[in-house]
Amino acid sequence: MSLPLRASPGWSAPPPQLVRMRRIATGLLVAMAALFVVARLNAGLHPAWGYVQGFAEAAMVGGLADWFAVTALFRHPLGLPIPHTAIVPRNKDRIGDTLALFLKDNFLIPHVVARRMQRIDVAEAVGRWLTDPVSGAQAGGRMRYGAARLAANMLESLDPERLGGMVRGALSNQLRGLHVAPLLGQALDAAMTERRHMPLIDGIVLWAGRVLEANEHLVRAMVHERAGAVMRWTGLDETLANKIIDGLAKLLADMAADPDHPLRTKAEEGLEKLAHDLQHDAETQAKVERFKNDMLDNPALGDWWQGVWERIRAALLGMARDPDAMMAGRLGEMSRALGETLQSDPRLARTINRFARRAAVGAAADYGDAIVRLVSDTVRGWDAATITLRLENAVGRDLQYIRINGTLVGGSVGLVIHAVEGWL
């Protein structure tokens, strides 16, 4: 039964080189047939015509045999359902499976990937590209513009609210599963060990001073309301309020000027206890977790994140639409600096290469079977016409050379045989 060779969505016209070589091979076969007819008609006029006939006859046989062989790879010759023809479309599933197994056995075995990755200097290649990303608009430029266009299309095609919700949900899930209290305690402990908490205390003292200065009227009003009638009548409430404000202001000024002030020492002791409790006290950790979960459940945080995501998405779209402007700005300077570091720092380069090698080996181990199935299923999903036309377009030119060689070699053999017969 003949396989249908309709034009599929993946169909593409054969390349001009293939069309030209096919015409040459067919034309040579037709020429041999015409030469055979002429030689046959003039066989009695001169013995030389016998040699011509022998050459043309054998050339026709060789050309026809190779035409049949080449055609039988991709379709039924003359549309006749001859057994063992149309080999490629009939065996496309087996071809896909064989190709998938070839990839698995030669490329996706972890130790093979590791051995090949050892010969690849990923850090050097990335560093060279980052240092001079436009060296050649041929390779780097095409890759950059192609990647930028793909990123822009993806960002524009995805629903902004849904994508933002997905990112927000992923972040929320990560934060819910993260024990924040011990991390905060470790960070606070490290900051205090390196005396990096001092600016925090200074800032709190200065902030308290500004708050006191801005709210003196509240202190005066509070003293006035709580004072007795005698104190208000004699004006002692105003004096008391001034004394309280002056005392607090002097206390804050002393704390700001003296790093060893007793209250600052008390504050540091409080921070040390907080750092310890965050790391080791279950009750404190539970309070932090409840606060974290309350924050994550607050709708206001979701609205805030949506606005942040929109700004991030707009910035990413701007960079993707104009990669040259992106590389010319601050990000470009940082990329070039990173590229120079990758090329000049052997330790960093070894770390990057080791990471790339482990990532490739891990991907081969974890996803090798999935890649093999993807290749096999993709080929199985192609219709017969698609895979036939793709393979024929890829190797058809060389196959037409086989037809030409078969015609010429067959003719040469026929000429030799005719000559040997004449000598005998």
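Here the structure is a predicted model, which is why all the values come from computation and not from measurement.

Topologically, Asp277 is positioned in helix α14 (residues 262-280). Those residues in contact with Asp277 that sit more than four places away from it in its chain are Thr284 and Gln285.

Another aspect to go through is the nonpolar core. Leu188, Met192, Ile201, Val205, Leu212, Leu252, Met255, Leu271 and Ala275 together form the largest nonpolar core, which totals nine residues. The set of elements that each furnish at least two residues to this core consists of α9 (180-193), α10 (198-214), α13 (236-257) and α14. In terms of residue count, the dominant contributor to this core is α10 (three residues). With residues near it in sequence (within four places) discarded, Leu188 still touches Leu271, Leu274 and Ala275. If you look at the next biggest cluster of nonpolar residues, it comprises five residues, including Met32, Phe36, Ala59 and Met60.

A contiguous patch of positive charge on the surface is contributed by Arg347, Arg350, Arg354 and Arg358. Judged by its relative accessible area of 51%, Arg350 is exposed.

With that out of the way, let us pick up the packing of α9 against helix α15 (residues 282-297). Between α9 and α15, the least distance of the axes is 8 Å, while the angle of their chain directions is 110°. If you check the angle between α9 and α15, you find them roughly perpendicular. For the pair α9 and α15, contact is made by Val180, Ala181, Pro182 and Leu184 and by Gln285, Val288, Glu289 and Lys292, respectively. Taken together, the residues that form the contact of α9 with α15 break down as five nonpolar, one polar and two charged.

For Glu289, the position within the fold is in helix α15. A relative accessible area of 18% places Glu289 in the buried class. A polar contact is formed between the side chain of Glu289 and the backbone nitrogen of Val180, at a distance of 3.3 Å. A polar atom in the side chain of Glu289 sits 2.8 Å from the side chain of Lys292. When sequence neighbours within four positions are dropped, the list of residues in contact with Glu289 reads Leu178, His179, Val180 and Ala181.

Compared with the 27 Å implied by 1.5 Å per residue over 19 residues, the 27 Å span of α14 between its first and last C-alpha is a close match. Of all the positions in α14, only Arg264, Glu268, Leu271, Ala275, Asp277 and Leu278 are classed as buried.

The subject of this paragraph is the environment of Leu342. Counting through the fold element by element, Leu342 comes out in helix α18 (residues 330-344). Remark: the alpha-carbon pair of Leu342 and Ala123, spanning 219 residues in sequence, is separated by 5.9 Å.

The full count for this structure, using the stated rule, is five salt bridges. Among the salt bridges present, the one from Lys287 reaches Glu283, with a minimum N-O distance of 3.9 Å. Taken together, the residues Lys287 and Glu283, both in helix α15 and four residues apart, mark about one turn of the helix. The exposure class assigned to Lys287 is partly exposed, which follows from its relative accessible area of 47%. Glu283 gets classed as exposed once you look at its relative accessible area, which sits at 52%.

Calculation criteria
- Residues numbered from 1 in each chain as written.
- Predicted model: local features only at pLDDT ≥ 70, side-chain atom pairs only at ≥ 80, totals over all residues.
- Heavy atoms only, no water.
- Helix = DSSP H or I, 4+ residues; strand = E, 2+ residues; numbered from the N terminus.
- Contact = heavy atoms within 4.5 Å.
- Core = buried A, V, L, I, M, F, W, Y, C linked by side-chain atoms within 4.5 Å.
- Buried < 20%, exposed > 50% of the residue type's maximum accessible area, 1.4 Å probe, protein only.
- Patch = residues over 30% accessible without salt bridge, like charges linked within 9 Å, V, L, I, M, F, W, Y side chains within 5 Å.
- Areas by Shrake-Rupley, 256 points an atom, 1.4 Å probe, with all protein chains shown as cover.
- Salt bridge = Lys/Arg side-chain N within 4 Å of Asp/Glu carboxyl O.
- Lys, Arg positive; Asp, Glu negative; His and termini not counted.
- Charge placed at Lys NZ, Arg CZ, Asp CG, Glu CD.
- Axes fitted to C-alpha atoms, helices over the stretch in contact; angles between N-to-C directions.
- Parallel < 35°, antiparallel > 145°, perpendicular 65-115°, else oblique.
- Nonpolar A, V, L, I, M, F, W, Y, C, P; charged D, E, K, R; others polar.
- Polar contact = N/O pair within 3.5 Å; in protein donor to acceptor, adjacent residues only side chain to side chain.
- Expected span 1.5 Å × (residues − 1).

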